Amino acid sequence: MQEGIKDTLVFDMKDLRHEDFKEYEALVPPASLSLNYEEAEFIKPLSCAIRLFRQGDDNVYVTADIETEISVECRRCITPFAVDITTELELLFSIGSESSEESEADERYYDGETLDISEDVRQMLVLEIPAWSLCSETCEGLCPECGAELNSDACSCETADASPAPASNPFSVLSKMLEDN
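About the thresholds
- Residues numbered from 1 in each chain as written.
- Predicted model: local features only at pLDDT ≥ 70, side-chain atom pairs only at ≥ 80, totals over all residues.
- Heavy atoms only, no water.
- Helix = DSSP H or I, 4+ residues; strand = E, 2+ residues; numbered from the N terminus.
- Core = buried A, V, L, I, M, F, W, Y, C linked by side-chain atoms within 4.5 Å.
- Buried < 20%, exposed > 50% of the residue type's maximum accessible area, 1.4 Å probe, protein only.
- Contact = heavy atoms within 4.5 Å.
- Disulfide = S-S within 2.5 Å.
- Salt bridge = Lys/Arg side-chain N within 4 Å of Asp/Glu carboxyl O.
- Phe/Tyr/Trp six-rings, centres within 6.5 Å; stacked < 30°, edge-to-face > 60°.

Here we come to unusual backbone geometry. One non-glycine residue, Ser34, adopts positive backbone phi at about 55°. As for its position among the elements, Ser34 is in the loop between β3 (21-28) and β4 (41-42). The phi dihedral of Ile78 falls on the positive side, at around 55°, and the residue is not glycine.

Here it is in structure tokens:
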């Protein structure tokens, strides 16, 4: 049975007491999960499909499909562009406390009344942010001499292949060392 669209990833467990399964849709604002990063801007709400399965009396198995869109800068030409982000989540929650000495890193707990998957979703989305984002595989980047964006502008600077390495380059001595051998 599917509920209306939620704007949170916190669930009231009394809804699951008399059923074995609940399905939810959620549109969650990125700010509510503290998804504020310098290298990526979350530009769309998180679209989430969440399923809660009661297992036994106290355990709840959670699956979630999450989609959103971020804006990142190309690492070569510094032009912002949009990237679709998708991730899946599968967790088992038990009633209890995280402070117990025998808890394992992958165990999740809830208080029996409310179940919150916000932090788990936030962590999964952070892992999906590309470390080296390129607007295209053929991006030419910026000219190191004049700063022109080479995907759309031509520049008259000599290419690095045609000109000798500048004297200020600390590695320029390496090419001289190879020539001497």
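As a further point, take the nonpolar core. With 37 residues, the main nonpolar core has Leu9, Leu46, Ile50, Leu52, Leu115, Ile117 and Val121 as its most contacted residues. Taken together, the elements giving at least two residues each to this core come down to β3, β5 (46-55), β6 (59-73), β7 (80-95) and α1 (118-128). The contacts of Leu46, once residues within four sequence positions are left out, are Ala26, Leu27, Val28, Pro30, Leu33, Leu35, Ile66, Glu67, Thr68, Val121 and Leu125.

Inspection of the entire model under this criterion finds zero disulfides. With no disulfide of its own, Cys135 lies 3.7 Å from the sulfur of Cys74, the closest cysteine sulfur. Among the residues examined, Cys135 registers a relative accessible area of 34% and is labelled partly exposed. With no disulfide of its own, Cys139 has Cys74 as its nearest cysteine by sulfur position, at a separation of 3.7 Å. Judged by relative accessible area, which is 6%, Cys139 ranks as buried.

This model, assessed by the stated rule, comprises seven salt bridges. Between Asp12 and Lys14 there is a salt bridge whose closest N-O contact spans 3.6 Å. Taking the shortest distance from any N to any O, the salt bridge between Glu69 and Lys44 comes out at 3.4 Å. Of this pair, Glu69 sits in strand β6 while Lys44 sits in the loop between β4 and β5, and the two are 25 residues apart along the sequence. By relative accessible area, which is 16% here, Glu69 ends up buried. A relative accessible area of 43% means that Lys44 is categorised as partly exposed.

A few words on the packing of aromatic side chains. Under the defined criterion, the tally for this structure stands at three aromatic pairs. With a centroid separation of 4.9 Å and an interplanar angle of 45°, the aromatic rings of Phe11 and Tyr24 are classed as tilted. On the criterion of sequence distance, the pair formed by Phe11 in strand β2 (residues 10-12) and Tyr24 in strand β3 is long-range, its members being 13 residues apart. For the pair formed by Phe11 and Tyr24, the shared burial category is buried. Look at Phe53 and Tyr61: their rings are 6.1 Å apart centre to centre, the planes differ by 40°, and that puts the pair in the tilted class. Tyr61 gets classed as partly exposed once you look at its relative accessible area, which sits at 24%.

The quantities given are spatial measurements derived from coordinates; they are silent on function.
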